[in-house]
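# Coordinate inspection notes
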Amino acid sequence: MAFEDSLWHHTADEDFTPRPPLPGDIEADVAIVGAGYTGLWTAYYLHKLKPQLRVAIVEREIAGYGASGRNGGWCSALFPPASTGIARRHGTDAAVAMRRAMHGAIEEVGRVAEAEGIDVHFARGGTISFARNEAQLIRGRELVEDERKLTGDVEQLRLLSRDEAEQVARATRVLGATYTPNCAVVHPLRLVRGLARRVESLGVSIFEQTTAGAVKPGSVLTDQGRVRAGTVVRAAEGYTASLRGHRRRFVPLYSLMIATEPLPPEAWAEIGLSRRETFADLRHMRIYGQRTADDRLAFGGRGAPYHFRSRTRPEFDRDARVHAALREVLVDLFPIVGDYEVTHRWGGAIGVPRDWHASVGLDRGRGFAWAGGYVGDGVATSNLAGRTLAQLIAGEQSELTRLPWVGHRSRGWEPEPLRWLGVNGGRFLLTRADRSEARSGKPARSARAFARFIGY
Ligand SMILES: Cc1cc2nc3c(=O)[nH]c(=O)nc-3n(C[C@H](O)[C@H](O)[C@H](O)COP(=O)(O)OP(=O)(O)OC[C@H]3O[C@@H](n4cnc5c(N)ncnc54)[C@H](O)[C@@H]3O)c2cc1C
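How each quantity is defined
- Residues numbered from 1 in each chain as written.
- Predicted model: local features only at pLDDT ≥ 70, side-chain atom pairs only at ≥ 80, totals over all residues.
- Heavy atoms only, no water.
- 1 Å grid on protein atoms, 1.4 Å probe; cavity = no way out; pocket = protein on both sides within 12 Å on 5 of 7 lines; lining within 4 Å.
- Points joined across faces, edges and corners; volume = space filled by probe spheres on them.
- Helix = DSSP H or I, 4+ residues; strand = E, 2+ residues; numbered from the N terminus.
- Nonpolar A, V, L, I, M, F, W, Y, C, P; charged D, E, K, R; others polar.
- Near = heavy atom within 4 Å.
- Polar contact = N/O pair within 3.5 Å; in protein donor to acceptor, adjacent residues only side chain to side chain.
- Areas by Shrake-Rupley, 256 points an atom, 1.4 Å probe, with all protein chains shown as cover.
- Buried < 20%, exposed > 50% of the residue type's maximum accessible area, 1.4 Å probe, protein only.
- Pairing = 2+ DSSP bridges.
- Core = buried A, V, L, I, M, F, W, Y, C linked by side-chain atoms within 4.5 Å.
- Contact = heavy atoms within 4.5 Å.
- Axes fitted to C-alpha atoms, helices over the stretch in contact; angles between N-to-C directions.
- Parallel < 35°, antiparallel > 145°, perpendicular 65-115°, else oblique.
- Left-handed = near helix turned anticlockwise from the far one by under 90°.
- Salt bridge = Lys/Arg side-chain N within 4 Å of Asp/Glu carboxyl O.

### What to know about the layout of surface pockets
The volume enclosed by the second largest pocket comes to roughly 800 Å³. As for the second largest pocket, its lining consists of 26 residues, and the residues nearest its centre are Arg283, Val329, Thr431, Asp434 and Arg435. Among the secondary structure elements, those contributing two or more residues to the lining of the second largest pocket are helix H10 (320-333) and helix H12 (418-440). Partitioned by chemical class, the residues of the lining of the second largest pocket number eight nonpolar, five polar and 13 charged.

### A closer look at the site of the ligand
Lining the immediate surroundings of the ligand are 36 residues, of which Thr38, Glu59, Ser68, Ala212 and Val379 lie closest. Between the ligand and arginine 60 there is a distance of 3.0 Å, counted from a nitrogen atom to a backbone nitrogen or oxygen. Within the backbone of alanine 212, an N or O atom sits 2.8 Å from a nitrogen atom of the ligand. In isolation the ligand exposes 1000 Å². Once the protein is present, 99% of that is buried. Contributions of two or more residues to the shell around the ligand are made by helix H3 (37-49), strand E12 (250-260), strand E16 (342-353) and helix H11 (378-394). Residue composition of the shell around the ligand, by class: 17 nonpolar, 14 polar and five charged.

### Concerning the pairing of strand E2 (residues 55-58)
Here E2 shows no split at all, with Val55 and Ile57 on one side and Ala56 and Val58 on the other all buried. By the bridge criterion, four bridges tie strand E1 (residues 26-33) to E2 in an arrangement that is parallel. For valine 30, the partnering residue across the bridge sits in E2 and is valine 55. The pairing of E2 with strand E8 (residues 205-207) spans three bridges and is classified as parallel. From the neighbouring strand, isoleucine 57 faces E8, where its bridge partner is isoleucine 206.

### A short note on the nonpolar core
In terms of nonpolar packing, the biggest core is built from 76 residues, with Ile32, Leu40, Trp41, Ile57, Cys75, Leu384 and Trp405 touching the most fellow members. Sorting elements by how many residues they give to this core places helix H5 (residues 92-115) first, with ten residues. The residues contacting leucine 40, other than those within four sequence positions of it, are Ala35, Ile57, Val192, Leu195, Ala196, Val199 and Ile206.

### Some thoughts on the packing of H3 against H11
Direction vectors running N to C along H3 and H11 enclose 40 degrees, while the axes themselves pass 7 Å from each other. Taken together, H3 and H11 sit at an angle that is classed as oblique. The element H3 and its partner H11 pack so that their crossing is right-handed. Across the interface between the two elements, Tyr37, Thr38, Trp41, Thr42, Tyr45, Leu46 and Leu49 of H3 pack against Gly378, Val379, Ser382, Asn383, Gly386, Arg387, Leu389, Ala390, Gln391, Ile393 and Ala394 of H11. Partitioned by chemical class, the residues of the contact of H3 with H11 number ten nonpolar, seven polar and one charged.

### Points about the pattern of salt bridges
Considering all chains together, one arrives at 30 salt bridges under this definition. Here arginine 89 and aspartate 355 are joined by a salt bridge, their closest N and O atoms 3.5 Å apart. With arginine 89 in helix H4 (residues 83-90) and aspartate 355 in the loop between E16 and strand E17 (359-363), the pair connects residues that are 266 residues apart, well separated along the chain. Residue classification places aspartate 355 among the buried positions, given a relative accessible area of 10%. Connected through salt bridges with shared partners, the residues Arg132, Arg173, Asp281, Arg283 and Asp332 form a single ionic network.

Now the structure itself:
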């Protein structure tokens, strides 16, 4: 099972004994389905705003079992869709507000972790994204120009020359890079486990090994009993399709990761990343890496197959072909890594809405709230979601509750087999676009076809 296989599980220094399940039917003010970042941040901020509320979380496995305990640990301002997409749909002011809120979320994660004594190995080194062919360089320039036009702030995303990029990290075939200070690294599992402990100590009930089958306004029906609550929060992200009535909300896409043994100082002298900057390149099919606190490389990428009917299973967390390809890409970026062992291989499901647009919302009349659809960018975004949901449930209005993702509703995914064809077709288009760009250096048309498919 990939949860236990991950580097994070190995280095969390944590007791994973499950908490007791739901003891039968209970009543609460707020019932949350899912003990990942989204559910836990919502509970945390709800307690801050309304300590008298009875909050109960039901979790199928244990807190942090989902993507929150397995991710790449980029606590970044990345938000789906990108600012240009938000500006097109909701206007420039809304896009700028969203951007600022995401910058704030990075700081807030670091602040709370420190204030609550959760040792998450937080380091704010920013992100370097290498341009390793002409097409990637063109895209890098466009991204920098878009950001400058939107915020007028040239420091948020800078274009680096090859020499400047090498000051940060020495990858192969680099023509240039973009750099943003808006990212920190975290140990993802320490964050989610620490949060679970903290909210429990504040009086929130967490029932583990409790599977919700149906999530309805006013109640959550589980295999252990029913939770009746004034407000029900759906926070199951990549697993949402397993909930009755929510099967076509998000598709689960698998993102897979590897980690190396700790690398010695001479390897780091060659690689760089001295401030623990996160790194990627500007390909379409996203890759992501971090230098961990114990000097390993943790590296991941998307591109694993989508499984018919949005199924999620532990065996999908491992794919020998994708894990081998990840190692190849990492060694291609930093050849010295080829001298060292890959010690961990794992993966997990991210939640993807049809229009690639994350959302958070509360239908007050029905007492039903939700957050998610982060498309693999949920570490900081879920913190913003938790703060926003808490305010919505508490009946407060603020800058956060006016952000453009609040109340956004994505249309559902197509029924099968169209969904399978569309999602795997999109995967194929992006992989083909990257291959063609690496070969020709020209921006690939198939990437634009993919953008049209998701509505941008
Ligand atoms: C390999 C990987 C790498 C990633 N890298 C990054 C990154 O570097 N940066 C970034 O920002 N994001 C990243 N992400 C995405 C990020 O981890 C997620 O967006 C985020 O953790 C979502 O949190 P969540 O609480 O909404 O969902 P989850 O953490 O998935 O939590 C949902 C919980 O619901 C539980 N559940 C599911 N079904 C039921 C049910 N029926 N009843 C009860 N409980 C249920 C699950 O067991 C799970 O614990 C990555 C994801 C993966 C998989």
